[in-house]
Amino acid sequence: MKNPVILQTDIGTDFDDNWALTMLLCQQNIDLKMVLVDTGNLRYRASVAAKVLNSFSRSDVEIGLGVGDDNGDWDYSLAGCVSDDDLKSYPGRFSENGVERLIEIVMSSCETVTIISIGPCSGIARALELEPRLAQKCRFSGMFGSIAFAHEGKPGAIAEYNVVCDIPAAQKVFSSPWQQALLTPLDSCGRVRLRGENFKKVFSSEKPYLKLLMQQYALWHEHIFNRPMPDFSSVLFDTVAVHLAQSTQFLEMKKMRLIVDDDGFTREDPSGMPFDVAVNWQNLAAFESYLVSVLIGK
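These numbers were taken from a predicted model, which means no experiment stands behind them.

A.B. asks: I'm lost on the overall build of the protein chain in this one. Help?
C.D. replies: Along its length, the protein chain carries 12 helices and 10 strands. Taken over the C-alpha trace, the protein chain has a radius of gyration of 18 Å; the compact-globule value for 298 residues is 19 Å, and the two agree within 12%. If one aligns the C-alpha atoms of the protein chain with their principal axes, the spans along those axes are about 50 × 40 × 40 Å. The proportion of buried residues among the 298 residues of the protein chain is 56%. Of the contacts formed within the protein chain by residues at least 6 apart in sequence, a portion of 80% connects residues at least 24 apart. Of the accessible surface of the protein chain, which amounts to about 12,300 Å², a share of 48% is contributed by carbon and sulfur atoms. Counting 28 positive and 38 negative side-chain charges, the protein chain places the averaged centre of each group 6 Å from the other.

A.B. asks: For this particular structure, what's the right way to read helix H9 (residues 196–203)?
C.D. replies: Residue pairs three or four apart in sequence face the same way in an α-helix, which turns once every 3.6 residues. Among the residues of H9, Asn198, Phe199 and Val202 are the ones counted as buried. Within H9, the buried residues cover an arc of 90° as seen down the axis, which keeps them to one side. Looking at the buried positions of H9, the neighbouring elements they touch are helix H1 (16–25), helix H10 (208–225) and helix H12 (284–296).

A.B. asks: Just checking my understanding: could you explain the nonpolar core for this structure?
C.D. replies: Proteins that are soluble and globular tend to have nonpolar side chains buried together. In this structure, Trp19, Leu21, Leu24, Leu32, Ile116, Leu194 and Val202 are the most contacted members of the largest nonpolar core, which totals 66 residues. The biggest single contributor to this core is helix H2 (residues 42–55), with 8 residues. Val202 has contacts with Trp19, Leu194, Leu210, Leu213, Met214, Val292, Leu295 and Ile296, leaving out every residue within four places of it along the chain. Formed by 35 residues, the second largest nonpolar core is a distinct cluster that contains Cys121, Ile167, Ala170 and Ala181.

Definitions and limits used
- Residues numbered from 1 in each chain as written.
- Predicted model: local features only at pLDDT ≥ 70, side-chain atom pairs only at ≥ 80, totals over all residues.
- Heavy atoms only, no water.
- Helix = DSSP H or I, 4+ residues; strand = E, 2+ residues; numbered from the N terminus.
- Rg over C-alpha atoms; globule rule 2.2 N^0.38 Å.
- Buried < 20%, exposed > 50% of the residue type's maximum accessible area, 1.4 Å probe, protein only.
- Contact = heavy atoms within 4.5 Å.
- Areas by Shrake-Rupley, 256 points an atom, 1.4 Å probe, with all protein chains shown as cover.
- Lys, Arg positive; Asp, Glu negative; His and termini not counted.
- Charge placed at Lys NZ, Arg CZ, Asp CG, Glu CD.
- Arc of directions from axis to C-beta.
- Core = buried A, V, L, I, M, F, W, Y, C linked by side-chain atoms within 4.5 Å.

The following block contains the structure:
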């Protein structure tokens, strides 16, 4: 049986969300019910998601609008390669109120739904406020926080982006009684890149969805760094949350009780809810090879 999943994402800013959605759509044992887009210009983010879904011909996946506004200083790095037409032409279901639809999907499901959260979690927090029973019907797999290390193994905790963008929302999500809560902080996910033959296999693939991924990666890199795309990937933070939703293979896991403090730091605290935390890698190279095999379909 396929496992029902909802992906919550701020796709269209950092490019790792595109890698994660592509990875998720390559999983044969996943029944992706919805992509919920959060923060900033939601229709732009929905258009980016629609373009990826169309490259897989996956009109069975619903797109929903979460919580957002245009007042923040958001970077719409893929605006040059998507338009409203990508969303208007999407043949699948589209929900203006994605939060209510998320609640409906979860509460009507006979199976446990896994929520994979890879962006500021405003929409998930809103859903938890509207339906307090939601967490008890779900597993949660998130890319949040920094416990002992920051990006690419730099020692020391930081207030991580997905948390600090909406601290009250992160506090709500972290304090909710999920059936199971899995977390990849920067300690683990901040070290993932595809290089050498791994990147070459993805770059040279003839699969339409990987051609789109590489075209958009080139545009994103040019926009962010003002120079051509290199022969390696950006940091693929969010792919680890997708992986954790199904397996802890390759990772060193630790049971921790966590809170988010008012400064946006993710800390151990006896009062916190229990999380299964990916604190390090047992074999990062093996995960990167596995990720490539998933993406190219081998």
